[in-house]
Amino acid sequence: MEGGCCTASSTSSSGGTEISNSKRKQIRQDKPYRGIRMRKWGKWVAEIREPNKRSRIWLGSYSSPVAAARAYDTALFYLRGRSARLNFPEFLVEEVVSDARDLSAAAIRKKATEVGARVDALQTAEHASPGSNNSGRVSEKPDLNEYPSPETSEDN
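Please read these numbers as outputs of a predicted model, since none were measured by experiment.

Turning next to the sheet that holds strand β2 (residues 44–49). Taking strand neighbours across the sheet as the criterion, the 3 strands line up as β1-β2-β3 in an open arrangement whose pairing is antiparallel. Each having just a single partner strand, β1 (36–38) and β3 (56–62) make up the two edges of the open sheet. Here the average twist between neighbouring strands, direction ignored, is 25°. Relative to β2, β1 is paired through 3 bridges, and the arrangement is antiparallel. Residue pairing across strands places Ile36 opposite Ala46, the latter belonging to β2. Its contacts with the sheet place helix α2 (residues 65–80) against β1, β2 and β3, and it is angled at close to 15° to β2.

Put into structure tokens, the structure is as follows:
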């Protein structure tokens, strides 16, 4: 009987491993970057814990996960310095590196939300621009069954 008990427990533990692996994949899809999460209504938010404190620094809510992750990266860099594990280490701006010094939570929040808002605005503009090639003009479709009149003819 003991062998049956041990066999059952080893089977259930391997099943638990499979569940945890699938759960990890789902979490990875839900949270594509470190330090961000998605609200129920689709906005992405970023926040970070202050070192050696229980409080958090609110970094804002954004329409794209990349903007939230960039805000998180900015705050993390100001808190941890060059040793921070960033989502986008390639986007570290030289002015940020030279400006890294001890800042208050409010100053870190301000700098992070500026970066996040800038990235959010750029991404929103990118998504809006491919569909609108006329730069705000409304194009009317001509009636193809109508003969051109001499007034509207371009042959003049």
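It is worth spelling out the pattern of salt bridges at this point. Using the criterion set out here, one finds 3 salt bridges in the structure. The salt bridge involving Arg37 is made with Glu47; its shortest N-O contact spans 3.2 Å. Here Arg37 is found in strand β1, whereas its partner Glu47 is found in strand β2, with 10 residues between them in sequence. Here Arg37 falls in the partly exposed class, since its relative accessible area comes to 33%. Among the salt bridges present, the one from Glu47 reaches Arg56, with a minimum N-O distance of 3.1 Å. One salt-bridge network, in which partners are shared between bridges, spans Arg37, Glu47 and Arg56.

Quick notes on the rules
Residues numbered from 1 in each chain as written. Predicted model: local features only at pLDDT ≥ 70, side-chain atom pairs only at ≥ 80, totals over all residues. Heavy atoms only, no water. Pairing = 2+ DSSP bridges. Helix = DSSP H or I, 4+ residues; strand = E, 2+ residues; numbered from the N terminus. Axes fitted to C-alpha atoms, helices over the stretch in contact; angles between N-to-C directions. Contact = heavy atoms within 4.5 Å. Salt bridge = Lys/Arg side-chain N within 4 Å of Asp/Glu carboxyl O. Buried < 20%, exposed > 50% of the residue type's maximum accessible area, 1.4 Å probe, protein only.

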